[in-house]
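# Chain and residue survey
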Amino acid sequence: MSYPKLFNPGPVDVSKETFAAMSQTMIGHRGSDFEKLYASTQPGLREIFGTARPVFISTSSAWGVMEGALRNLARKKVLCLCCGAFSDKWIDVARKCGFEAEAVQVEWGDAIDPEAVRAKLAEGGFDTVTFIHSETSTGVLNDLSGICKVVKSFPDTMLIVDTVSSLSTVAMDMDAHGIDVMLAGVQKALALPPGMALFAVSEAALERAKTVKNRGYYFDFIEFEKNAAANNTPCTPAISLIFGLQFMLGEIAKEGLANRIARHAKTNAMIRAWGAKRGFELLAPEGRRSFALTCFKTPAGFDLSSFIKDLKSKHNFLINGGYGKIKGTTFRISNMGNETEATMQELIDAMDDILG
Ligand SMILES: *Cc1c(COP(=O)(O)O)cnc(C)c1O
């Protein structure tokens with residue numbers, strides 16, 4: 001039996017066409033073939049990021065850039081906006097990098113309140129803020145514009161935004177929001193195999209990075225900027241993944257970004273409606289729910305592990321049984337990437353078959 005089809009919120013299912021695009025003849029990364037490949041990704045990436053800045057390509061998972069952004073921008077004290085497994089982890093990472101770090105912490109399943117961020121920043125001393133737009137562990141889509149407005153009202157405070165599971169599922173406007181670093185991994189809504197992250201850096205953040213010592217080499221923003229100006233990367237990148245990215249950006253251009261966003265809203269609504277019919281409640285509050293994935297509360301007495309196991313053994317579909325401290329008490333279904341109303345219906349039919 002082949003591996004199950006992933007409806008897990010990352011990595012997600014990768015199409016045969018994407019794999020085919022990735023298996024082109026290898027090229028060297030210091031030469032015009034690569035420069036053309038790199039340059040070809042920029043218009044599409046800038047569109048989905050909503051930026052006129054270059055979008056850098058990092059051969060690492062998202063965490064590489066999440067840590068790297070702190071090492072480039074933080075001076076002393078970081079404020080981490082914590083509302084789930086990924087955002088809570090970021091404060092540990094900040095401390096492991098040697099920074100002082102404090103949290104605005106809410107219950108998992110709740111969204112970050114911009115006014116709470118304002119109150120915390122007003123205490124003073126914070127030079128950098130970490131924020132996750134779509135908290136993939138809980139299915140919460142935080143208030144991006146509200147948070148950005150608040151953070152931007154504190155001068156010299158750098159704002160790092162993780163859009164790992166929201167990029168290309170909702171419209172993004174990095175420049176209008178004044179985001180200093182915006183980043184995403186490619187294995188979520190871009191439906192590529194894992195191993196690469198994308199990020200853009202504001203001019204103010206580059207200026208800040210120049211003043212920060214010990215920012216290291218592999219994720220040094222100044223190195224990225226210098227190389228990007230020549231359509232290149234500081235180190236040997238995952239060239240096959242960039243072939244895949246080029247293909248995927250072509251697919252997004254063909255579909256149209258607005259249509260892609262509308263497709264995610266539709267397929268997500270299908271899963272929410274299925275849950276409502278089946279009596280599964282959503283963890284995230286109304287109005288603050290991701291369009292990329294759905295996180296349901298496991299009802300009392302519901303045999304979640306058998307449900308997931310049977311769905312896999314009988315239909316070869318894999319959904320996720322909760323992440324971090326809400327493993328088992330929640331479960332998650334992704335509609336990211338290439339999924340359509342037809343493929344989501346296949347999953348729904350399969351889940352209905354198991355539930356009877
Ligand atoms: C998946 C995910 C990450 C972690 O990405 P890696 O690729 O494992 O480094 C970070 N943030 C969010 C919101 C995610 O969904």
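For clarity, every value in this text was computed on a predicted model and none was experimentally measured.

### Here's the deal with the overall build of the protein
A tally of helices and strands in the protein yields 13 helices and 13 strands. At 20 Å, the protein has a C-alpha radius of gyration in line with the 21 Å of a compact globule built from 356 residues. If one aligns the C-alpha atoms of the protein with their principal axes, the spans along those axes are about 60 × 55 × 35 Å. Across the 356 residues in the protein, those meeting the buried criterion constitute 58%. For the protein, the share of sequence-separated contacts (at least 6 apart) that also reach a separation of at least 24 residues comes to 72%.

### Remarks on the packing of aromatic side chains
Any aromatic ring pair is given by two values, namely how distant the centres are and how the planes are angled relative to each other. Counted by the stated rule, this structure contains 18 aromatic pairs. Centroid distance Phe 34 to Tyr 38: 6.2 Å. Interplanar angle 50°. Geometry classified as tilted. Taken together, the residues span about one helical turn, with Phe 34 and Tyr 38 both in helix H2 (residues 32-49) at a distance of four residues. Like Tyr 38, Phe 34 is buried. Seen from their ring centres, Phe 280 and Phe 331 are 5.2 Å apart, and the 85° between their planes marks the pair as edge-to-face. Here Phe 280, found in the loop between helix H11 (257-278) and strand S11 (293-297), pairs with Phe 331, found in strand S13 (residues 330-334); they are 51 residues apart in sequence, far enough to count as distant. With respect to class, Phe 280 is no different from Phe 331; both count as buried. Taken together, the ring pairs connect Trp 274, Phe 280, Phe 296, Phe 302, Phe 307 and Phe 331 into an aromatic cluster. Lying across the ring of Phe 126, Lys 77 places its NZ or CZ 4.5 Å from the centre.

### What about the packing of helix H5 (residues 114-122) against helix H6 (residues 144-152)?
Helix-helix packing: each pair is described by the crossing angle between the helix axes and the interaxial distance. Direction vectors running N to C along H5 and H6 enclose 15°, while the axes themselves pass 9 Å from each other. By the angle between their directions, the pair H5 and H6 is classed as roughly parallel. At the point where H5 passes H6, the crossing takes the right-handed sense. Facing Pro 114, Glu 115, Val 117, Arg 118 and Leu 121 of H5, the residues of H6 in contact are Gly 146, Ile 147, Val 150 and Val 151. The residue inventory of the contact of H5 with H6, partitioned by class, reads six nonpolar, one polar and two charged.

### A closer look at the sheet that holds strand S10 (residues 197-201)
One open sheet accounts for seven strands, arranged S2-S10-S9-S8-S5-S3-S4; its pairing is mixed. Bordering the open sheet on either side are strand S2 (56-58) and strand S4 (100-105), each of which pairs with just one other strand. For this sheet the average axis-to-axis angle between neighbouring strands, irrespective of direction, equals 20°. The pairing of strand S3 (residues 77-82) with strand S5 (residues 128-132) spans three bridges and is parallel. Bridging across to S5, Cys 80 finds its partner in Thr 130. Most of the contacts of helix H9 (residues 221-228) go to S2, to which it runs at about 120°, and overall it touches S2, strand S9 (181-185) and S10.

### Comments concerning the pairing of S4
Looking along a regular strand, one sees side chains alternate from face to face of the sheet. Pairing analysis gives six bridges linking S3 to S4, with the strands arranged parallel. Bridge assignment links Cys 80 to a residue of S4, and that residue is Ala 103.

### Looking at unusual backbone geometry
Glycine aside, negative phi is the norm for most residues, and most peptide bonds take the trans geometry. Of the consecutive residues Gly 10 and Pro 11, the connecting peptide bond is found in the cis state with omega at -5°. A positive phi angle, near 65°, is found at Asp 156, a position not held by glycine. Secondary-structure assignment places Asp 156 in the loop between H6 and strand S8 (158-162). Here Asn 316, not a glycine, exhibits a phi torsion of approximately 60°, which is positive. In this fold, Asn 316 is placed in the loop between helix H12 (304-315) and strand S12 (317-318). Overall, the relative accessible area of 14% leaves Asn 316 in the buried class.

The rules behind each value
Residues numbered from 1 in each chain as written. Predicted model: local features only at pLDDT ≥ 70, side-chain atom pairs only at ≥ 80, totals over all residues. Heavy atoms only, no water. Helix = DSSP H or I, 4+ residues; strand = E, 2+ residues; numbered from the N terminus. Rg over C-alpha atoms; globule rule 2.2 N^0.38 Å. Buried < 20%, exposed > 50% of the residue type's maximum accessible area, 1.4 Å probe, protein only. Contact = heavy atoms within 4.5 Å. Phe/Tyr/Trp six-rings, centres within 6.5 Å; stacked < 30°, edge-to-face > 60°. Lys NZ or Arg CZ within 6 Å of the ring centre and 35° of its normal. Axes fitted to C-alpha atoms, helices over the stretch in contact; angles between N-to-C directions. Parallel < 35°, antiparallel > 145°, perpendicular 65-115°, else oblique. Left-handed = near helix turned anticlockwise from the far one by under 90°. Nonpolar A, V, L, I, M, F, W, Y, C, P; charged D, E, K, R; others polar. Pairing = 2+ DSSP bridges.

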